[in-house]
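Here is what each chain is made of, one letter per residue.
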Amino acid sequence: MQIRPNFSLRHFNTFGLDSSARFFVEVSSATELTEILADQVWKHTPKFILGGGSNVLFTRDIDALVIHPAIKGIEKIKEDDLHVWVKAGAGEIWHDFVMYCVDRNYGGVENLSLIPGTVGAAPMQNIGAYGVEIKDVIHSVEAVSIQTGDVTIFSKEECQFGYRESVFKRDLKDQYIITGATFVLNKKPVLNVGYGDIQKTLQEMNVGDVTIKTVSEAVMHIRRSKLPDPAVIGNAGSFFKNPEIALDLYTDLQSKFPGIPGYPVGNGKIKVPAGWLIEKAGWKGYRQGAIGVHEKQALVLVNYGGGSGNEIKTLSETIQDSVEQKFGIRLNAEVNFL
Ligand code: EPU
């Protein structure tokens, strides 16, 4: 384990922001993690956990010991006639884990192909796409307490998953480091192709046989056509959450803006795509210097190279105000500001 002072985090966040860590360490096992947490030298230094960096916006340098869990390994731990239990280390690239499952015909995560980030970061915000969320396939999450160094297994219920939410973002914020997760996958999968774009794409691809593999390919095709690749253009996927609004407000907006999309989510609430609101407020494709709003998906803010976290933050606030002025809806960020 090498502790590096004044370490640039540029390659450790998908926005490509050049923030610096006072100290940085990569840990490759839960044991190494426990060791560093128990080390007297670092006992009183604030710690910050950085996974794949696919959902953070750095607006300053990080005056802490930044711990990057690089715990690897994907293994099948048990199976029965219908299911397979697979455990993956927090440091595995999420998409590599998805490909492991797709290649073996284990169903359940194919709709989550190509989501940037690591396995360890995925439960944090209950990642989701094309009608599937990680909560649909997760069995448990293994995490180490920052305070005591003890390992705890959290059941799916204990993770308290919600829309882009979990207990690790709320009550247990900054208290645990996720070291791995176990997933339950289906040997006889029920494919989820209800999401409009998937059906259309499978047809366009002339897919006769709808399988785990072809659904994964369709999802990759959609994502590549709509979303910027963070390796080319810095971004953190959706910058805002899709707001859930009261039915009354939605009905009112429908009369003013015919064509406004909305999906009932229960409790009399309607989920409205933030991308639509931002586009209609005139921001799609907006560019100011090195930063802007993606030209194909208005929900994604981008750093073309050399932009700062504060510039992106200011733009996001301007967009929030503009959308609120036009539609009376305040957008909330999905990305975590630091
Ligand atoms: N839309 C627009 N203009 C835009 C973008 C979207 O009008 O610029 C409209 C689309 O026409 C469509 C609707 O908004 O009717 C929904 O768009 P899309 O299917 O692209 O999904 P989204 O609601 O914008 C969410 C997730 C994405 C996920 C997709 C697909 C959130 C915050 N985002 O986006 O997740 O990939 O659904 O399931 O829930 C992420 O979290 O980083 C992410 C990319």
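Because the structure is predicted, anything quoted here is derived from the model rather than measured. (Residues numbered from 1 in each chain as written. Predicted model: local features only at pLDDT ≥ 70, side-chain atom pairs only at ≥ 80, totals over all residues. Heavy atoms only, no water.)

### Details of the domain arrangement of the chain
Note the cut-off: Note that domain bounds follow an automatic or database assignment of domains. By the convention used here, residues are in contact when the closest approach between their heavy atoms is within 4.5 Å. Salt bridges are defined as contacts in which a side-chain nitrogen from Lys or Arg sits within 4 Å of a carboxyl oxygen from Asp or Glu. Pairs of N or O atoms within 3.5 Å make up the polar contacts considered here, provided that, within protein, one atom can donate a hydrogen while the other can accept it, and that residues adjacent in sequence are counted only when both atoms are side-chain atoms. Gly counts as polar in this scheme, as do all residues outside two lists: the nonpolar Ala, Val, Leu, Ile, Met, Phe, Trp, Tyr, Cys and Pro, and the charged Asp, Glu, Lys and Arg.
We note that the domain assignment places domain 1 (4–69), domain 2 (74–186) and domain 3 (234–337) within the chain. With centres defined by C-alpha atoms, the gap from domain 1 to domain 3 works out at 30 Å. If you look at the interface, domain 1 gives 10 residues, while domain 3 gives 17 residues. The interface formed by domain 1 and domain 3 holds 0 salt bridges in total. Between the two partners, domain 1 and domain 3, sit 6 residue pairs in polar contact (both at pLDDT 80 or more). For the side of domain 1 that touches domain 3, the per-class residue count stands at 5 nonpolar, 5 polar and no charged.

### Concerning the sheet that holds strand S10 (residues 138–145)
What counts here: At least two DSSP bridges between two strands are needed for those strands to be called paired. Each helix is a run of H or I in the DSSP string that is no shorter than four residues. Each strand is a run of E no shorter than two, and both are numbered from the N terminus. Axis lines are fitted through C-alpha atoms, for helices just across the contact stretch, and the angle between N-to-C directions can take any value from 0 to 180 degrees.
A sheet is described by the order of its strands in space; here 5 strands give the open sequence S6-S7-S12-S10-S11, paired in antiparallel fashion. Each of the sheet's edge strands pairs with one partner strand only, and the pair in question is strand S6 (74–79) and strand S11 (151–155). This sheet shows a mean twist of 25° between the axes of neighbouring strands, independent of strand direction. As defined by bridge partners, S10 adjoins strand S12 (residues 176–186) across 7 bridges and the pair is classed as antiparallel. Bridge pairing in S12 places Val144 opposite Ile177. The strands touched by helix H1 (residues 30–38) are S10 and S12; relative to S12, the strand with the most contacts, the crossing angle is about 160°. Lying on the sheet, helix H2 (residues 94–103) is in contact with S6, strand S7 (83–89) and S12; it crosses S6 at an angle near 45°.

### Quick word on the packing of aromatic side chains
For any pair of aromatic rings, the description consists of the separation of the ring centres together with the inter-plane angle of the planes. Our working rule: Geometry of aromatic contacts follows a simple scheme: Phe, Tyr and Trp rings, the Trp one being its six-membered ring, pair when their centres are within 6.5 Å, and the pair is stacked under 30 degrees between planes, edge-to-face over 60, tilted otherwise. When a residue's accessible area, from a 1.4 Å probe over protein chains only, is under 20% of the maximum for its type it is buried; when over 50% it is exposed; and in between it is partly exposed. Here, over-ring charges are defined by two tests on the NZ atom of lysine or the CZ atom of arginine: distance to the ring centre within 6 Å, and angle to the ring normal within 35 degrees.
Overall, the coordinates contain 17 aromatic pairs when judged by the stated rule. Ring centres of Phe239 and Phe240 lie 5.2 Å apart, and the angle between their planes is 65°; this geometry places the pair in the edge-to-face category. On the accessibility criterion, Phe240 (1% relative accessible area) is buried. Summarising the aromatic geometry, the rings of Phe257 and Phe327 are spaced 4.7 Å apart at their centres and angled 55° between planes, so their arrangement reads as tilted. On the criterion of sequence distance, the pair formed by Phe257 in the loop between helix H5 (247–256) and strand S15 (263–266) and Phe327 in helix H7 (residues 309–327) is long-range, its members being 70 residues apart. Overall, the relative accessible area of 3% leaves Phe327 in the buried class. Taken together, the aromatic side chains of Phe15, Phe239, Phe240 and Phe337 make up a single cluster linked through ring pairs. Lying across the ring of Tyr100, Arg104 places its NZ or CZ 3.8 Å from the centre.

### Quick look at the site of the ligand
Note the cut-off: Any residue with a heavy atom lying within 4 Å of a molecule or strand is counted as near it.
The environment of the ligand is made up of 23 residues, and the closest members are Tyr130, Tyr163, Tyr195, Glu279 and Ala298. Between Gln297 and the ligand, the recorded distance is 3.0 Å, taken from a side-chain N or O atom to an oxygen atom. Between Ala298 and the ligand, the recorded distance is 2.8 Å, taken from a backbone N or O atom to an oxygen atom. Of all elements in the fold, only strand S8 (128–129), helix H4 (212–226) and helix H6 (274–280) reach the threshold of two or more residues within the shell around the ligand.

### Examining unusual backbone geometry
In this structure, Asp174 is a non-glycine residue whose phi angle is positive, near 60°. Classification of Asp174 by relative accessible area gives exposed; the value is 59%. Phi at Asn267 takes a positive value of approximately 55°, unusual for a residue other than glycine. Its relative accessible area of 79% is what places Asn267 among the exposed residues.

### Things to note about the sheet that holds strand S13 (residues 234–235)
Strand order in this open sheet of 4 strands is S13-S19-S18-S17, and the pairing throughout is antiparallel. A strand with exactly one partner marks an edge of an open sheet, and here the two such strands are S13 and strand S17 (287–288). Relative to strand S19 (residues 301–303), S13 is paired through 2 bridges, and the arrangement is antiparallel. Opposite Gly234, over in S19, you have Asn303 as the bridge partner. Along the sheet face, H7 touches strand S18 (291–293) and S19 and points at about 30° away from the line of S18.

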